[in-house]
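# Structural overview for review
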Protein chains: 2
Amino acid sequence: MPSYTAPTKDLNFVLHDLLQISQSEIPGYADLEADFTSAIVEEAARLAEGVLAPLNQIGDQQGCRLENGVVYTPEGFKPAFEQIKQGGWNGLDLPEEFGGQNLPYVIGSAVGEIFVSSNMALNMYQGLTHGAISAILAHGSDEQKARFLPKMVSMDWTGTMNLTEPHCGTDLGLMRTKAEPQEDGSYRITGQKIFISAGDHDMAENVIHLVLAKAPGGGEGTRGISLFIVPKFLVGEEGSLGARNGVSVGNIEKKMGIHGNATCVMNYDGATGYLIGDLHKGMRAMFTMMNEARIGVGLQGYAQAVVAYENARAYALERLQGRDVTGVQNPDGPADPLIVHPDVRRMLMDQKSFVEGARAFTLWGASLIDRAHRMGDKDADGLISLLTPVIKGFLTDKGFEMCVQAQQVYGGHGYIEEWGMSQFARDARIAMIYEGANGVQALDLVGRKLAADGGKHVMAFFDLVKGFIKDNDGDERLDAFLKPLKAASKDLQAAGMFFMERGMKNPNDALAGSTDFLHLFGHVCLGLVWAQMARAAHAALDAGASDADFYHTKLATGRYYMARQLPATAMHLARIQSGAEPVMALQAEQF
Amino acid sequence: MPSYTAPTKDLNFVLHDLLQISQSEIPGYADLEADFTSAIVEEAARLAEGVLAPLNQIGDQQGCRLENGVVYTPEGFKPAFEQIKQGGWNGLDLPEEFGGQNLPYVIGSAVGEIFVSSNMALNMYQGLTHGAISAILAHGSDEQKARFLPKMVSMDWTGTMNLTEPHCGTDLGLMRTKAEPQEDGSYRITGQKIFISAGDHDMAENVIHLVLAKAPGGGEGTRGISLFIVPKFLVGEEGSLGARNGVSVGNIEKKMGIHGNATCVMNYDGATGYLIGDLHKGMRAMFTMMNEARIGVGLQGYAQAVVAYENARAYALERLQGRDVTGVQNPDGPADPLIVHPDVRRMLMDQKSFVEGARAFTLWGASLIDRAHRMGDKDADGLISLLTPVIKGFLTDKGFEMCVQAQQVYGGHGYIEEWGMSQFARDARIAMIYEGANGVQALDLVGRKLAADGGKHVMAFFDLVKGFIKDNDGDERLDAFLKPLKAASKDLQAAGMFFMERGMKNPNDALAGSTDFLHLFGHVCLGLVWAQMARAAHAALDAGASDADFYHTKLATGRYYMARQLPATAMHLARIQSGAEPVMALQAEQF
């Protein structure tokens, strides 16, 4: 069975050496001294390692089942969920007035990585609840907040998001679910939603569905869409549970992975729903919570790679197979450990350099969200809006790739379910698809975010990169970081220029390169955070850090990323510059 | 449920326009006129489309089960297997004296693609049998051939290959299975083998296991290994079935995919075995059949991508979602089909250009095997030995990647097992692992094949590329092919030079770049066959081919590969040239 140990040391490095959170001006950050965050992280680690991780494979094997309309989660999920509840983990970064602890999102994300790595399927019940809470916080009335949030923050009740229907996923304008206004101000919701993660289960008293539906008078397409709260059990004003609402589970999907999470077909048969936010402005309500949700999915992508890497590393250290060509390393054993082989090293270094870079990138992104939310910083908000599709798309594509590579380290055993490596890959696979498939992320990046506010935010990003390079110019110790970062950043600018010059005349010239652009951008982001981490590591070493080995390892890992991964940017640029012609040359019937 | 239609037209194109097989001097090729091969291919297509493909998902869902020592295959497998038998498909390219049809391997491979695309798990029972027959043909005594081959060629009996043990996969020198010589000349085989594909089942009267084991006196490591025939039921001289042998199935592995194939733990408890080939020369016997087996696995990699692509294409044509940004394409419908979106096109073109290139590359490789076997052509033998790890490693890595991409086209539905796209990815995943994990292929390529015979074969490959470019110099219609091919080939040569210069001093400088080299080589190979196909397409058009649209489509597909995929070679070269340092910098305990 695979194991999991939370990377508490590296989380500390990112929070304190790199982001230096306790010195930040962001409200609430001053409290985040290393002792305090370590205590939180270590407490989360204890729960994740001891309780959640051991259930991960059981969840995969048993899956969820629907019996007489009731959804049952795998053995052990309910008591484990109870421990997450009791620990108050869901409320960590939620407002105190509803029972939360009001800590910054950056801490919620650090803890989130740990929970997701240990058991992605189980953590999703919490993650969806968190998302629904954010939506109600942003758009609900005071009465709705008071009625629903306390029990949701405590996770006595969980939440869901209902967007997709059988015939419409990305294109929500095709939506058919209807909302009919009632005399008492509520709505009757009728329709079918699919792919509803954590749609129903046996771990909470109630499930609060957030449902997109079309109310009369809104016009065609997405304009007519509104957002509704539809509880499984109706809720009295004091939060008491009432009658069962007209919503039921039609089916649980059989999926490639995340079997422990009940992905439900939800049938709404005249269910009572309450409008949240403005009528016919449901899409806007959705969009405001999307940054956070998408960053959460990007986090899932790399968090699966974290645990997959840990196991691949352990296997490579233990499994004896073949000999080091440069000289026997384990003369007393029948063979050397796998880790002596350069190609096995390559796979491990790919994984290690990716997950550490992805962690830094994601937590930096989380700090931008804090800056935007807690300080009303519009520039931070614009920058994280720009980076969100990169975090979601790049980290999930690469996260899955790294899980596949970790599986590869196991050879034949990687293909056998018992060893658990297949599950990491299968679970990670969904993150490339949901919350906007990665092609949609690329479209969002190239089609909307790049040009948003006159291109101000992408310019700010380039300034950040240039500023870092300039500030550290002449520091030879950073040469192995600054040069590749500069080259990669130039490739990204050239791609942006190509889009500006050609995309105006033919949008397809930009869109045909959108996924390559997203990956190019992702590499530059990881190159930037790696360069920043290298500087932080040198600073720690200069200051006489006691654990010099940790920082030297960090530097070597970063050098690997720069030398081995950043050369991808030139390839992406070349593809982008080939334009739309090769991509669009065929007629549909010629495929 | 996914569907499958055999690409008969494209197979014809490769066999006749590209390889021009019926004009070849290779013995047996003159008979391979287009009418004749078409009849074979279409007959195989009928069986694959009508019988094998509809069972593919059933096989995945039901898997195999072990009850009271008996292995049961999924519903419908037995009658389908019977039809493969009755059609004589297994004997297509096997000697007439044992009941085969003695057709060239290139035809066997074309048919193989069709069977593998339609149902990989079911086809493996045949594939393993074919491999075991090849081993007996190459190394068995006349008596052994007479005793075992007729029933194996007819597939009344199937075959297996037994190499792996729990503690040893790649490193066979660690093998523990023992062979004790008996007075009658036979051996008693004792030990446990794992990961035995098609290890046992209910579709044949007997299973003929080829088992590697250590006989006394051979010395340490792989030197002591010999190869044995161990039948499930002992066989009389006239091929009659005797007593049950001391071999049993310990377990059926639960795997990520190919559930329809019984991957068995095989226990040998003093089973009677017959030495095949020379004592203590088992490894050599294994190696002589590895080219064919590895090409067969490379074929599996791209064959899964073929069927995955077909379904992704169909979905992209049918599924209505969003609108073409350059103008509505389906004004009467609620949305345009997915295929209007450039990023969906990109995914489809990636898949299409890969599978068509891979098909050409593989069938060219199969023709080299025919040339080597049927003409004793040592140069062809050397070239295919060089290309084998590329076919196996590159086509399975990319084949899996393309299956994942095909799944991505389906959005959320791609993750739901019912739609079948997950299965293609899960089934394709094994091809990267078995028959030598792809890292081992890269090691074989860089560590052995490159320098084999003084580097003669890699020079011959470069001459082939250069010759093609020179022969077609000045043909402007081929510019979009020749220029990228030239650049990619230069990258490959530079990588080879780097290995020669640096690898002598430090082998790790070569080994750290081995997988990148394999991929670089793969791109050059596909670039070469695409350039050749482009020439063939122009030739057909010049000759006034009736189906001009097919050839124009071929040219556009090839241009896509050259423009969008060949830029990867520079990235691989840059990684290779970064050498061993970034890869090997960490101590084992620093991971």
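Check the entry above for the structure.
All figures in this text were calculated on a predicted structure; none of them were measured in a lab.

### Describing the side chain of His280 of chain A
All names here are of chain A. As for its position among the elements, His280 is in the loop between strand 11 (264–276) and helix 7 (282–288). Using a relative accessible area of 19% as the deciding quantity, one classes His280 as buried. The contact partners of His280, leaving out residues within four places of it in the chain, are Ala215, Pro216, Gly217, Gly218, Arg223, Gly224, Ile225 and Ser226.

### Some words on the side chain of Lys145 of chain A
All names here are of chain A. Within the element layout of this structure, Lys145 appears in helix 6 (residues 142–153). Despite being buried, Lys145 has no salt bridge partner; Asp142 is the closest side chain of opposite charge, sitting 4.3 Å away. Beyond its immediate stretch of four places on either side in the chain, Lys145 contacts Phe98, Ile136, Leu137, Gly140 and Pro150.

### Focus: the nonpolar core
Within the largest apolar cluster, 411 residues are counted, with the highest numbers of intra-cluster contacts made by Phe461 and Phe521 of chain A together with Phe461 and Phe521 of chain B. Not counting chain neighbours up to four residues away, the residues in contact with Phe461 of chain A comprise Trp364, Leu383, Leu386, Leu387, Leu492, Phe521, Val524, Cys525 and Leu528 of chain A.

### A short note on the interface of chain A and chain B
At the interface, 91 residues of chain A touch 91 residues of chain B. There are 4 salt bridges connecting chain A and chain B. As a salt-bridge pair, Asp516 of chain A and Arg564 of chain B come within 3.6 Å of each other at their nearest N and O atoms. In this assembly, chain A and chain B are joined by 48 residue pairs in polar contact (both at pLDDT 80 or more). The leading source of residues in the side of chain A that touches chain B is helix 17 (residues 548–565) of chain A, at 9 residues. For the side of chain A that touches chain B, the residue count by class is 44 nonpolar, 27 polar and 20 charged.

### Remarks on the packing of aromatic side chains
How two aromatic rings sit relative to each other is set out by the distance from centre to centre and by the angle between their planes. Counted under the stated rule, the structure contains 33 aromatic pairs over all chains. Ring plane angle 65 degrees and centroid distance 6.2 Å describe the contact between Phe461 of chain B and Phe462 of chain B, whose orientation is recorded as edge-to-face. The pair Phe461 of chain B / Phe462 of chain B is uniform in exposure class, with both members buried. An aromatic cluster of three or more residues is present, and its members are Phe461, Phe462, Phe498, Phe499, Phe517 and Phe521 of chain A. Directly above the aromatic system of Phe400 of chain A lies the positively charged group of Arg429 of chain A, at a separation of 5.7 Å from the ring centroid.

### Here's the deal with the packing of helix 10 (residues 378–409) of chain A against helix 11 (residues 421–429) of chain A
Residues and elements named next belong to chain A. It is at 8 Å that the axes of helix 10 and helix 11 come closest, and there the two elements cross at 170 degrees. In terms of orientation, helix 10 and helix 11 fall into the roughly antiparallel class. For the element pair helix 10 and helix 11, the recorded crossing hand is left-handed. Between helix 10 and helix 11, the residues in contact are Phe400, Cys403, Val404, Ala406 and Gln407 and Met421, Ser422, Phe424, Ala425, Ala428 and Arg429, respectively. Of the residues in the contact of helix 10 with helix 11, the class split is 8 nonpolar, 2 polar and 1 charged.

Reading the values: the criteria
Residues numbered from 1 in each chain as written. Chains lettered and ligands numbered in written order. Predicted model: local features only at pLDDT ≥ 70, side-chain atom pairs only at ≥ 80, totals over all residues. Heavy atoms only, no water. Helix = DSSP H or I, 4+ residues; strand = E, 2+ residues; numbered from the N terminus. Buried < 20%, exposed > 50% of the residue type's maximum accessible area, 1.4 Å probe, protein only. Contact = heavy atoms within 4.5 Å. Lys, Arg positive; Asp, Glu negative; His and termini not counted. Salt bridge = Lys/Arg side-chain N within 4 Å of Asp/Glu carboxyl O. Core = buried A, V, L, I, M, F, W, Y, C linked by side-chain atoms within 4.5 Å. Polar contact = N/O pair within 3.5 Å; in protein donor to acceptor, adjacent residues only side chain to side chain. Nonpolar A, V, L, I, M, F, W, Y, C, P; charged D, E, K, R; others polar. Phe/Tyr/Trp six-rings, centres within 6.5 Å; stacked < 30°, edge-to-face > 60°. Lys NZ or Arg CZ within 6 Å of the ring centre and 35° of its normal. Axes fitted to C-alpha atoms, helices over the stretch in contact; angles between N-to-C directions. Parallel < 35°, antiparallel > 145°, perpendicular 65-115°, else oblique. Left-handed = near helix turned anticlockwise from the far one by under 90°.

Shape descriptors only; they carry no functional weight alone.
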